[in-house]
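Structural overview
One letter stands for each residue in the lines below.
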2 protein chains.
Amino acid sequence: MSRATPKKNVAERIASTLKSAIVRGRFQPGAALPSERELAEQYDVNRSSIREAMKRLEGWGLVTIRHGGATRVTEFLLNAGLSVLPELLESGGQLGTSVLGDLHELRGLLLGWSAEQAARRADPSSVARLDELARRLSEPKLKPAEAQALDYDFFEQLVAITGNQLLVLFSRVVRDIYFRAPERFLPLYRPDVFDAGHHRRAVAAIKARDVKVAGDTMRAHAASALTLLRKETA
Amino acid sequence: MSRATPKKNVAERIASTLKSAIVRGRFQPGAALPSERELAEQYDVNRSSIREAMKRLEGWGLVTIRHGGATRVTEFLLNAGLSVLPELLESGGQLGTSVLGDLHELRGLLLGWSAEQAARRADPSSVARLDELARRLSEPKLKPAEAQALDYDFFEQLVAITGNQLLVLFSRVVRDIYFRAPERFLPLYRPDVFDAGHHRRAVAAIKARDVKVAGDTMRAHAASALTLLRKETA
DNA sequence: CCTGCTAACTGGTCGGACCAGTCATGAGCC
DNA sequence: GGCTCATGACTGGTCCGACCAGTTAGCAGG
């Protein structure tokens, strides 16, 4: 492990370690963790630090702490919320890859719907911003990482136009997950495969208030990306 | 149940209090919170408890803690993730109501897509479960609260069928938000307005592998609910 | 005016004490 | 035997007071 413990805080480091251990199944769901005092001795830190780490794990939704009883791994990881997703992705393997696909699938759904909404209600200045992003995405000498960032900006701008605050929050969560391991998506943005045509056509459709074309175009973009992704990881 | 937030833990109570204060703007974004020692004295608890509360706030994404520097409210609340949504909803007012609509809007999007996916790939046992839920939803003497719970089970079952793990996680977050203030949605399930017809027709369409009808039916269900909701809160 | 040291903050860690729930155990009773 | 319930050895929760470790503002000296 090259980056053994690149965290700063003791508590953070320990929380991170335990998180990995739990996600990787070293502690089965429902199983009890060692007591705080035990862990403190084990990691050679003060109990306060262990407590902080525990609180963090509880915050992730990974464990359930009960006063008097043992601290146990949450029964179903699915209850755990989204904070464990980076681990799932990084752990590679079957699950990681499938979640990766899921992420893109969801992104496609949201992209399509947002584009439809945008075609219905976008104001001129919002459209101008989209236009600008599509233009920059079309520049010939664009590096993959830049294209990726711009593509995501485009997504967020589209989401912002929908006016759905909740969706904005969700998309930020998605972005967090996404940019935790951006390199896994970089192949999608190689100059020889990435094509900004969808973006340009979608913007045109939004300008023309063509709801169906706007949605379908962005869905097509996401679908082709998903296909490519599945081919890359196969 | 009056307010007063009768939480159990000291740290939890304080974190809750501060969360409300921040969300309601008592501390502006970027502003520094009082130091841990000050807060400890102010709330008449030990600094450890304040620290735990702080860690929790940091976990919510509400504040940024810097060793040596002050603890400040995160610059943009939008970065704060979903944990603050219940506060936004409970705070009532303009924002609360609009987020409420957003929630239903998103739910409609996910419902429609999930139904489409289900029509493509549902296995017999999953369909049987949906069928059972639709049947129970059609019972004449159903109480609103029961209908609400069943409706949500239906939603989750549909989401499970899509096989998208990420979506499952998202829908759990949505459910958490939703059932934090279920009574706000109860009017939708009054016997005189709630109609399980959409559910039954959607299940039939899924059985028949009719992708379009399945999706449209659930979207229609969500749309009518949204209309009703906007009428109620108007 | 600027530089750089210093002192007074901030949060981070420590350890050790005690309070407060939980749970397995086993004595006592039916 | 099988049940009830006291009890003590766990568990986590809170407190104290000390010290370590960064940050920052202000002041002395250039």
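Every value quoted in this text rests on a predicted model; they were computed, and no experiment measured them.

Looking at empty space enclosed by the protein
The method is simple in principle: a probe with the dimensions of a water molecule rolls over the atoms, and the space it marks as empty is what remains. Applying the stated criterion across every chain, the model contains one cavity of 30 Å³ or more. Quantified by volume, the largest cavity comes out at close to 90 Å³. Every residue lining the largest cavity is listed: Leu106, Leu110, Leu167 and Phe170 of chain A together with Leu106, Leu110, Leu167, Phe170 and Val174 of chain B. Secondary-structure elements contributing two or more residues to the lining of the largest cavity are α5 (93–121) and α8 (165–178) of chain A together with α5 (93–121) and α8 (165–178) of chain B. Examining the composition of the lining of the largest cavity, we find that three residues originate from one element, α8 of chain B, more than from any other.

Quick word on the interface of chain B and chain A
At the interface, 33 residues of chain B touch 32 residues of chain A. Between chain B and chain A, roughly 3,100 Å² of surface is buried when both sides are summed, and carbon and sulfur atoms account for 69% of that area. Taken together, chain B and chain A are joined by four salt bridges. The interface formed by chain B and chain A holds six residue pairs in polar contact (both at pLDDT 80 or more) in total.

A word on the protein's contact with DNA strand C
Close to DNA strand C lie 24 residues, the nearest being Val10, Asn46 and Arg66 of chain A together with Arg37 and Arg47 of chain B. Here DNA strand C approaches the protein such that, of its atoms within 4 Å, sugar and phosphate make up 60%. Here Arg37 of chain B contributes a side-chain N or O atom positioned 2.6 Å from a base nitrogen of DNA strand C. For the surface near DNA strand C, the elements supplying multiple residues, two or more each, are α3 (47–60) of chain A together with α2 (36–43) and α3 (47–60) of chain B.

A closer look at α2 of chain B
Residue and element names in this part refer to chain B. Of the positions making up α2, those classed as buried are Glu36, Leu39 and Ala40. The arc that holds the buried residues of α2, viewed along the axis, is 105°, so those residues lie on one side. Opposite its buried face, α2 presents the exposed residues Arg37, Glu41 and Gln42, each directed more than 90 degrees away. Against α3 lie the buried residues of α2. Positioned one or two residues after α2, Asp44 has a phi angle of 55°, which is positive.

Quick notes on the relation of the copies chain B and chain A
What relates the pair of chain copies is a rotation about an axis plus a shift along that axis. The two copies are related by a screw operation: chain B maps onto chain A through 179° of rotation and 0.1 Å of translation along the axis, at an RMSD of 0.3 Å. Considering both components of the superposition, the chain copies are consistent with a two-fold axis. When the interface residues of chain B are mapped onto chain A, 97% of them again lie at the interface, so the same face is used by both copies.

Parameters at a glance
Residues numbered from 1 in each chain as written. Chains lettered and ligands numbered in written order. Predicted model: local features only at pLDDT ≥ 70, side-chain atom pairs only at ≥ 80, totals over all residues. Heavy atoms only, no water. 1 Å grid on protein atoms, 1.4 Å probe; cavity = no way out; pocket = protein on both sides within 12 Å on 5 of 7 lines; lining within 4 Å. Points joined across faces, edges and corners; volume = space filled by probe spheres on them. Helix = DSSP H or I, 4+ residues; strand = E, 2+ residues; numbered from the N terminus. Contact = heavy atoms within 4.5 Å. Buried area = accessible area lost by both parts, 1.4 Å probe. Salt bridge = Lys/Arg side-chain N within 4 Å of Asp/Glu carboxyl O. Polar contact = N/O pair within 3.5 Å; in protein donor to acceptor, adjacent residues only side chain to side chain. Near = heavy atom within 4 Å. Buried < 20%, exposed > 50% of the residue type's maximum accessible area, 1.4 Å probe, protein only. Arc of directions from axis to C-beta. Least-squares fit on C-alpha atoms with pLDDT ≥ 70 in both.

Everything listed here is a matter of coordinates, which is why it stays silent on function.
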